Amino acid sequence: MIFQIQILKDHFNMKKLPKTYSNILLKNGYLIINSENYGSIEWIKNLIIKTIKKNVKKFDGELNNLHKFVSIKKLNKIRMSVYNTINKNTELKKKYFSVCNNVIDELVGNELAIQKKINISFQLPKDNSSLLSLHSDVWSGDSPYEIVVWIPMVDVYRTKSMYILPQNKYSKFLNTLKKLKNKSSNQLYKKLKNDFIWLNLKFGQILIFNQTLPHGNVINEEKTSRISLNCRFKGLFTPYGTKTLGDFFEPFSMKVISKIGTNYKLPKL
Ligand SMILES: [Fe+2]
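Residues numbered from 1 in each chain as written. Predicted model: local features only at pLDDT ≥ 70, side-chain atom pairs only at ≥ 80, totals over all residues. Heavy atoms only, no water.

Q: Please clarify how the sheet that holds strand β6 (residues 197-198) should be interpreted in this entry.
A: The pairing of strands in a sheet comes from backbone hydrogen bonds and takes either a parallel or an antiparallel form. Pairing is antiparallel across the open sheet formed by 3 strands, whose spatial order is β6-β5-β8. Each having just a single partner strand, β6 and β8 (215-216) make up the two edges of the open sheet. (Pairing = 2+ DSSP bridges. Helix = DSSP H or I, 4+ residues; strand = E, 2+ residues; numbered from the N terminus.)

Here it is as structure tokens:
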């Protein structure tokens, strides 16, 4: 309880705090950083292009143009195929982590669990089949001890991106939720529409956000396609939601005494 009170105090006194990643996350609910390793982000992009090319014969290799080569009807089948193929690559998680290694170390720690499979989203212009309406990940099995690392493979802006409710609007969200009779995502979205922040990122930038905050996307009304990846990191020994270790998460980094402790079996004395 004392710990919780301290977090809130820090949050409201942000002006006095140094601008560390932790303080920015507490204040805003998200961070946008430049990749710590541009080579890795290029490597990930090339892996995706190569994999799409195997599935979509005429694809020209420009991810912004994906809608010109893939029909919305075939989109999910291709997405699943790309998802499965890229996740078979044993380097992917290491490369993913290397783009935000220092930030994760500060925000989460150095004994980590990572999602077993990295998600990939395709948002083609005018496609309404792969939308994520207003939600928080903790409403569907994630724990509040997780952070999302979201990496766009193209420049994203306006409806081609995603929105998030900033931390300073969260109490307004809770009050709105209390008052609403029809507690649907759409109703909540309409009520809070002006409070969301649309996140603009250039390729090479990374979004890290607190997934307890409501977020989502809308139909991509821009002219080009969005391809993005997302993956959750959490402290290996922090509480899990219904997405458990072994099922949804796997250990990513572990200190030696944790390995010893995890493998230890008390002998029968
Ligand atoms: Fe989400």
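Back to the write-up after that little detour.
Q: Even after reading the chapter, I still don't get unusual backbone geometry, so can you show me in this structure?
A: Of all residues except glycine, most have a negative phi; of all peptide bonds, most are trans. Even without a glycine there, the phi angle at Lys126 is positive, about 70°. Mapping Lys126 onto the fold places it in the loop between β3 (119-123) and β4 (146-152). You will see that Arg158, though not glycine, has its phi angle at about 40°, which is positive. Structurally, the position occupied by Arg158 is in the loop between β4 and β5 (163-164).

Q: Explain the nonpolar core here, please?
A: A general tendency of soluble globular proteins is for nonpolar side chains to be buried together. Counting residues in hydrophobic clusters, the biggest one holds 55 residues, and the most contacted among them are Ile48, Met153 and Phe233. Of the residues forming this core, the biggest block, 6 residues, is contributed by helix α3 (residues 38-55). Other than its neighbours up to four places away in sequence, Ile48 contacts Leu63, Ile86, Ile120, Met153, Ile227 and Leu229. Counting 9 residues, the second-largest nonpolar core is a separate cluster that includes Tyr163, Phe173, Leu180 and Leu188. (Core = buried A, V, L, I, M, F, W, Y, C linked by side-chain atoms within 4.5 Å. Buried < 20%, exposed > 50% of the residue type's maximum accessible area, 1.4 Å probe, protein only. Contact = heavy atoms within 4.5 Å.)

Q: Looking at this structure, how should I read the pattern of salt bridges?
A: Side-chain pairing between opposite charges can occur once the charged atoms of the two side chains come close. Under the criterion given, the structure shown has 10 salt bridges. One salt bridge in this structure joins Asp155 and Lys202, with 3.9 Å as the shortest N-O distance. Of this pair, Asp155 sits in the loop between β4 and β5 while Lys202 sits in the loop between β6 and β7 (205-210), and the two are 47 residues apart along the sequence. For Asp155, a relative accessible area of 31% puts it in the partly exposed group. Judged by relative accessible area, which is 53%, Lys202 ranks as exposed. The partner of Lys172 in a salt bridge is Asp195, and the shortest N-O contact between them spans 2.7 Å. In this pair, Lys172 is assigned in helix α7 (residues 170-179) and Asp195 in the loop between α8 (185-192) and β6, connecting sequence segments 23 residues apart. Overall, Lys172 belongs to the partly exposed group, its relative accessible area being 40%. Here the residues in one salt-bridge network are Asp137, Asp142, Arg232 and Lys243, joined through shared partners. (Salt bridge = Lys/Arg side-chain N within 4 Å of Asp/Glu carboxyl O.)

Q: Help me understand the packing of α3 against helix α4 (residues 72-88), please; the structure alone is not making it clear to me.
A: The description of two helices packed together rests on the angle between their axes and the distance between the axes. One can describe the packing of α3 onto α4 by two numbers: an axis separation of 10 Å at closest approach and a directional angle of 130°. The angle between α3 and α4 falls in the class oblique. Pair α3 / α4 crosses with right-handed handedness. For the pair α3 and α4, the contacting residues are Leu47, Ile48, Thr51, Ile52 and Asn55 in the first and Ile78, Ser81, Val82, Thr85 and Ile86 in the second. (Axes fitted to C-alpha atoms, helices over the stretch in contact; angles between N-to-C directions. Parallel < 35°, antiparallel > 145°, perpendicular 65-115°, else oblique. Left-handed = near helix turned anticlockwise from the far one by under 90°.)

Q: So what exactly am I meant to see when it comes to a nonpolar patch on the surface here?
A: Taken together, the side chains of Val256, Ile257 and Ile260 present a nonpolar region at the surface, about 320 Å² in accessible area. Along the polypeptide, Ile257 turns up in helix α9 (residues 256-263). The exposure class of Ile257 is exposed, given its relative accessible area of 61%. (Patch = residues over 30% accessible without salt bridge, like charges linked within 9 Å, V, L, I, M, F, W, Y side chains within 5 Å. Areas by Shrake-Rupley, 256 points an atom, 1.4 Å probe, with all protein chains shown as cover.)

Q: What should I look at first to understand the state of the cysteines in this one?
A: Linking two cysteines covalently through their sulfur atoms gives a disulfide. According to the stated counting rule, one finds 0 disulfides in the structure shown. Here Cys100 is not disulfide-linked; the sulfur of Cys231 is the nearest cysteine sulfur, at 8.6 Å. Here Cys100 falls in the buried class, since its relative accessible area comes to 0%. On the basis of relative accessible area, Cys231 is assigned to the buried category, the value being 0%. (Disulfide = S-S within 2.5 Å.)

Q: What should I look at first to understand the side chain of Thr51 in this one?
A: Structurally, the position occupied by Thr51 is in helix α3. Overall, Thr51 belongs to the buried group, its relative accessible area being 4%. In contact with Thr51, not counting residues within four places along its chain, are Val82, Thr85 and Ile86.

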